[in-house]
Amino acid sequence: MSDNDILEMDSVSETEEMEAELGMIEEDMVYPEEFLPTYHSIKEGTNVTKTRQAEFNDKPESLFFNDGVRRIDFILVYEDEDKKEFDKRHTFQRRKRRREYFEASLMKMGMELEATKSVIDAKLMFVKIHMPWDVLCTYAEVLHIKLPIQPNDLASRPSPWRFFTFITKHFYPSEELIGKEAEFFTAPFEKDHLELFHIKDKDNFFTPSMRSRMAYYILSRAPYEIRGSVKKFGITKLLDGGVYKAAYPLHDGRFNVMSTEPGSLNERFLLYNEWAHPKSFYKMQPLDLIRKYYGEKIGIYFAWLGFYTVMLALAAVVGLGCFIYGFKTQETSTWSKEVCDPDIGGNIVMCPQCDKFCNYWRLNSTCEASKKLCIFDNFGTLVFAVFMSIWVTLFLEFWKRYQAELEYEWDTVEFLEQEQPPRPEYEAKCIYERKNPITGVKEKVPYTTCGRCVRVSIGIGTVLFWILLILASIVAIIVYRLAVFFSFSTRFRNQELKELEPLKEYVTPQMATAVTASLISFVVIMILNMLYERVAIWITDFELPRTKTDYENSLTLKMFLFQFVNYYSSCFYIAFAKGKAVSYPGQPVYLLGKYRNEECDPGGCLIELTTQLSIIMGGKAIWNNIQEVLLPWVKNLISRYCTRVASEKVIPRWEQDYQLQPVSKLGLFYEYLEMVIQFGFVTLFVASFPLAPVLALVNNLFEIRVDAWKITTQFRRVQPEKAQDIGAWQPILQGIAILAVATNAMIIAFTSDMIPRLVYYWSFSVYPYGEHYNNTMEGYINSSLSIFRTSDFSNYSRPLMESAPSITSCRYRDFRYPPGHPRQYEHNVYYWHVVAAKMAFIIVLEHIVYLTKFILSYVIPDVPYAVKEQIKREKYLTQVILHETNLKLVTKRLKPADDGTRKRTELKDGKEELELDF
C-alpha cells in the first residue's frame, strides 16, 4: 500500500458519498451565475490547446502556456471520463461536474487555466495553472511572505577558517555554478507599498517556489461543491475522491541535461550535479539553493541532517578510538585470561542454566565470548559514555544557534506567529460556533468542548492499547529466547555431539540465542512498524487538529512513542531485566510459572546488548535504503517501460514529471523519524556499543546523497512549504538527550561488569575478598562466582544427564554465601558493597553530567549575537521605511489645507472632524 493510500483524508467516505448520490438530481448542486462563463473559457482553452499540440512537441522543456509568456505555476491531472465504460458514466459525470465547478472557482479567484491532452495516454488531461501579478501580490500579502526591501549593509564577521580557504573551497559546491546570493533586509509584503520593495523584474520577483506555494494555498481553499449550506472545498479531497489523479508544481528541467529554454533556471540540474550526484559526496550541501528550489521545510531538514552528520564525525572518532583500545587490550585482560586459562577456567564447573536437560559446563568454553566482551566492557567505555553525554548537549545547543541563523537568513523568524491557516479538512467540518477568547469574534469549530475531550480520550486509549500490544510481542520474544536457549544449551553442552565440537569454541548458547532472537526481533519490528504507522495516522485524523503544524506535531508524538517502544523495548529488556532476577540454582525464578528466567554470561549481558544493537541498526539501515532507493527506481523503470511512446513524439515537461513517483503526503516525516530513532541508538545505549556513532556516520553520509538523489531524480517536485525549525522533533531530541544520561549510567552500573571489578580492585585495604591482597585483578573470576552444592538441587531442576556423577559442587554468577555457612545462599557483604557502589556511581555520574549540561546550555546562547543585531537592524529599517512612507502620505494629504480648503463637519455625537478637500 502506498503512502497516498495510507493518508486518505476521508477518501473512502468521499467515494462512497459520490456513489450514494448517483440517483440524485444534478441540479441540486448550486452553480452561481457568475461561474457559468468560466466553463466556456475552460472548454475553449482545451480546444485551443489541442489545435496547437505540435508547438509543445517542439518545446518539451517549456514552462509556459501556449503563448510562451505566462509561467506554469501548478499542474492538475485528470482522466477524461468520456472514454470510460457506459455503466460507470454517471459516476464520472458527477466527478466532471465537481471538477468544472472547482476550475471555475479557481478562475473566479484570479487564476488562469489552460488544458492539454497527454502525448502518451489520450485519456489523460493536464490543466496548467498560472497566477497573474495581481493575484501573486494579493496572496503574498495574505501569507505574509517576506521580500527584499534593502541590501544588507551590515558587514559580515570574517570566518575563522578564512586562512584555509585554499583547502576548504574544494569541499564546497562550485561558485561558478552556484554563486552566493545577495543578502537583503526583508519585510512582509504589502500590496499597497510596492515602491518599498526591491523589485527589478516582476517576472522573477516571486520565485517559482513562492508562486507554487501561493497556488497550492488557493487550490486548498477553492470550493468544488455547494449544496445548500454545506460547502465542500480543497484539492486534497478531490485527489482522494478520484476527481484528479495528481497535483504538483513543475521541475524546471531535466536533472541530467541543462535546459536552453527561456525562463528555466536549471536549478534542478545544478542540484543534481553539485549535490545529489555520487561524485559530490564529499562536498558541503548548497542549502540556499535547496531552500530556494524546494522550500524552507526541505531545506531545514537537510541542514539538520548535515549538521548532525558533521557532529557525528567527532563522536565517531572518539568511539573508534575506544573500540581500538578495547581490541588492543582484550589479550591482556587479567579476568579474561583467567576464563581462558585451562588451570583456572578449565577447572571451574558451572551449574546448568536450565532444568533437567542442561548439563554442567566448563567456564573456559566461554573464552572467545569473554575476549569479545573485553572490547566493549572496559574503562574506555566509561570515558566514552561521559563524553557522549556532553556531546549530545553540545550538538543540541550548537544546532539551536545554527537554526537561528537559518531562521534569519530564510525569513522564518516570525513564521509561526504570522502563518497558521486552518487545514482544509478542519475547515470543512466546522459546524459549531464558539467565541474566540483572543479576538472575541464568533468562529466555526468542528466539535464542542465535550466532543474534543471524547476525541482525545479515544485517541489516548487507542495509543495505550497498541503500546500494550507491542509489549506483548516483546514478551513473546522473551519466551522464544527461553525456549531456544533451552534447546541450544542441550545441544551445545552435550559432549556426545561431536559434529558441534568445532563450534563450541566460538559459539555459546547465549550467543546463538542472542543472534537468532535479535533477527526475529528485527523482523517483528519491521512488521509492527507498518501496522502502527496506519494506526497513528488514523488516530490523528480522528482527532482533527486545526493547523498543519498541529497535525504533524500530534502525529510525530504518536509515531515516535510507537517506534520508541517498538525499537528500544528489547534493548531495555536485555540491559536492565535479563539476568537480574534469577536467584540461585536451588531456587530459580520462573517466567509464567514454566520458563526458567534467562541468565547472563559470566561476563554479563553487555555483549548480547551489543549484538542486539548492531543487528537492529544495520538491518534498519539496509531496509530503509531498499525502500528509499530501490523501490522508487524500480517503479519509475516499470512506469517508463509501460508508457513508451514512438520515438518521434516528444514528451512535454509536465508529462515527464507526471511519470515520476508522487511525493508522500507526510513529506519528511519518515526521514526525520528514521534519523531520530538512529539518534536514540547512538545516545541511549552507546555505553554498550562505541561503534554506534561510526555506523551512524557512514549511514548518514549515504543518507544525505540518497535522499538528495531521490527527491531530485525519482520524485515529482516537492510542494514548497515554510518551516521555522524541525518542529516537534526538537523537544523529542532534548528528551532523548536527558534520558541518555540515565540509561548509560545504568548500563555501566547494572549491565556491564565494570563496577564489581572496580570494587574488587580497590577493596584490598578495606575488605579483602578471597585471596586478593593487592591492586590487581587476579582471582576476580573465582571471587565473582558463588558455590552451589549439587545435592541441593530440587527434583524438578536436577540434571538428568550428569556426565560426571562425582561432581559435588558447581559455580554460578552471584555473590552469595557458600553451602555450610550459617546464612548459606544468602547475599554476602561483597554483594551489598557492589550495590552501594552502583548506586553511588549512578548518582555521582548523573549529577556531574547534568550540571555540565546545564552550564553548557546557559553559557551557549541559542541565538548568536550577530544574528540578534541583524534582526534588530531589519526591524528598525522596516519601521523607518514604513514611518517615512506614512509621513509622506499624510503630508501629501495635508498640503491642500494650506490653501484654505479645509472644512469642518459635525459628527452625530457633536464632535468636529477635520475634512480635507482633495
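Residues numbered from 1 in each chain as written. Predicted model: local features only at pLDDT ≥ 70, side-chain atom pairs only at ≥ 80, totals over all residues. Heavy atoms only, no water.

Re the overall build of the protein chain
In step 1: On a plain count of helices and strands, the protein chain comes out with 31 helices and 20 strands.
In step 2: Residues counted as buried form 51% of the 918 residues belonging to the protein chain.
In step 3: In the protein chain, 77% of the contacts between residues at least 6 apart in sequence involve partners at least 24 apart.
In step 4: Summed over all atoms, the accessible surface of the protein chain reaches about 43800 Å², with 61% contributed by carbon and sulfur. (Helix = DSSP H or I, 4+ residues; strand = E, 2+ residues; numbered from the N terminus. Buried < 20%, exposed > 50% of the residue type's maximum accessible area, 1.4 Å probe, protein only. Contact = heavy atoms within 4.5 Å. Areas by Shrake-Rupley, 256 points an atom, 1.4 Å probe, with all protein chains shown as cover.)

Looking at the state of the cysteines
Each disulfide consists of one covalent bond between the sulfur atoms belonging to two cysteines.
In step 1: The tally for this structure, following the rule as stated, stands at two disulfides.
In step 2: A sulfur-sulfur distance of 1.9 Å marks the disulfide that ties C340 to C367. Judged by the sign of its S-S torsion, about 100°, the bond between C340 and C367 is right-handed. Linking C340 in helix α14 (residues 334-340) with C367 in helix α15 (residues 367-376), this pair joins segments that are 27 residues apart in sequence.
In step 3: A relative accessible area of 13% places C367 in the buried class.
In step 4: Between the sulfur of C351 and that of C810 lies a disulfide, 1.9 Å long from S to S. One disulfide, between C351 and C810, carries an S-S torsion of 90° and so falls in the right-handed class. Placement of C351 in the loop between β9 (349-350) and β10 (361-362) and of C810 in strand β18 (residues 809-813) is noted, with a sequence separation of 459 residues between them. Pair check on accessibility: C351 and C810 agree, each one buried. (Disulfide = S-S within 2.5 Å.)

Examining the side chain of K722
In step 1: Tracing the backbone through its elements, the reader meets K722 in the loop between α26 (692-714) and α27 (729-751).
In step 2: Among the residues examined, K722 registers a relative accessible area of 14% and is labelled buried.
In step 3: Polar side-chain contacts of K722 include one of 3.2 Å to the backbone oxygen of D411. (Polar contact = N/O pair within 3.5 Å; in protein donor to acceptor, adjacent residues only side chain to side chain.)

A short note on the side chain of D411
In step 1: Looking at where D411 falls in the secondary structure, it is placed in the loop between α16 (379-409) and α17 (415-418).
In step 2: Look at D411: it is buried, it has no salt bridge, and the nearest opposite charge is R291 at 4.4 Å.
In step 3: At 2.6 Å, the side chain of D411 and the side chain of T186 are in polar contact.
In step 4: Non-local contacts of D411, meaning those with residues more than four positions away in its chain, are made with K146, T186, R291, K722 and E874. (Lys, Arg positive; Asp, Glu negative; His and termini not counted. Salt bridge = Lys/Arg side-chain N within 4 Å of Asp/Glu carboxyl O.)

Considerations on a negative patch on the surface
In step 1: A cluster of acidic residues, E181, E183, D288 and E409, forms a negative patch on the protein surface.
In step 2: Relative to the helices and strands, D288 resides in helix α12 (residues 287-294). (Patch = residues over 30% accessible without salt bridge, like charges linked within 9 Å, V, L, I, M, F, W, Y side chains within 5 Å. Charge placed at Lys NZ, Arg CZ, Asp CG, Glu CD.)

What to know about the nonpolar core
In step 1: By size, the foremost hydrophobic cluster in this structure holds 134 residues, and its most contacted members are W304, Y308, W391 and F681.
In step 2: If near-sequence neighbours (up to four positions away) are discounted, F681 is found in contact with Y567, Y568, C571, L613, I616, M617, V686 and A692.
In step 3: Core analysis: the second largest hydrophobic core is formed by 46 residues, A115, I129, L147 and L877 among them. (Core = buried A, V, L, I, M, F, W, Y, C linked by side-chain atoms within 4.5 Å.)

Focus on the environment of Q724
In step 1: Summarising the element assignment, Q724 is placed in the loop between α26 and α27.
In step 2: Placed 427 residues apart in sequence, Q724 and K297 show a C-alpha to C-alpha distance of 7.8 Å.

Considering the packing of helix α25 (residues 669-684) against α26
In step 1: At a closest axis distance of 10 Å, the pairing of α25 and α26 adopts a crossing angle of 170°. As judged from the angle between their axes, α25 and α26 are roughly antiparallel. Between α25 and α26, the contacting residues are E671, E674, M675, Q678, F681 and V682 on the first element and A692, P693, A696, N699, N700, E703, D707 and K710 on the second. (Axes fitted to C-alpha atoms, helices over the stretch in contact; angles between N-to-C directions. Parallel < 35°, antiparallel > 145°, perpendicular 65-115°, else oblique.)

Details of the packing of aromatic side chains
In step 1: Enumeration over the complete set of coordinates arrives at 50 aromatic pairs.
In step 2: Note on Y568 and F681: the rings are 5.0 Å apart at their centroids and 85° apart in plane angle, and the pair reads as edge-to-face. With Y568 in helix α22 (residues 548-576) and F681 in helix α25, this pair connects stretches of sequence that are 113 residues apart. In terms of burial, Y568 and F681 fall into one category: buried.
In step 3: Sitting over the face of the ring of Y78, R99 holds its NZ or CZ atom 3.8 Å from the ring centroid.
In step 4: The ring of Y293 has R717 lying over it, and the distance from NZ or CZ to the ring centre is 3.7 Å. (Phe/Tyr/Trp six-rings, centres within 6.5 Å; stacked < 30°, edge-to-face > 60°. Lys NZ or Arg CZ within 6 Å of the ring centre and 35° of its normal.)

Remarks on the sheet that holds strand β3 (residues 124-130)
In step 1: With antiparallel pairing, the four strands of this open sheet are ordered in space as β2-β3-β1-β8. Unpaired on one side and paired on the other, β2 (112-117) and β8 (246-248) mark the two borders of the sheet. Strand-to-strand twist in this sheet, taken as the mean axis angle between neighbours without regard to direction, amounts to 20°.
In step 2: In this sheet, β3 lies alongside β2 in antiparallel orientation, the contact comprising six bridges. Within β3, the position partnered with K117 by the bridge is M125.
In step 3: Lying on the sheet, helix α9 (residues 208-219) is in contact with β1 (74-79) and β3; it crosses β1 at an angle near 45°. (Pairing = 2+ DSSP bridges.)

Some thoughts on the packing of α16 against α27
In step 1: At a closest axis distance of 9 Å, the pairing of α16 and α27 adopts a crossing angle of 170°. Classified by the interaxial angle, the pair formed by α16 and α27 is roughly antiparallel. Contact residues: α16 offers L382, A385, S389, V392, L396, W399, K400 and Q403, while α27 offers Q730, L733, Q734, A737, V741, N744 and I748.
In step 2: Taken together, the residues of the contact of α16 with α27 break down into nine nonpolar, five polar and one charged. (Nonpolar A, V, L, I, M, F, W, Y, C, P; charged D, E, K, R; others polar.)

Re the pattern of salt bridges
In step 1: This model, assessed by the stated rule, comprises 23 salt bridges.
In step 2: Note that R291 is salt-bridged to E296, the shortest N-O span being 2.9 Å. Across the pair, exposure class does not vary: R291 and E296 are buried alike.
In step 3: K297 is paired through a salt bridge with E552; the nearest N and O atoms lie 2.3 Å apart. Pair noted here: K297 is in helix α13 (residues 296-329) and E552 is in helix α22, with a separation of 255 residues, a long-range link.
In step 4: With relative accessibility at 26%, the residue E552 sits in the partly exposed group.

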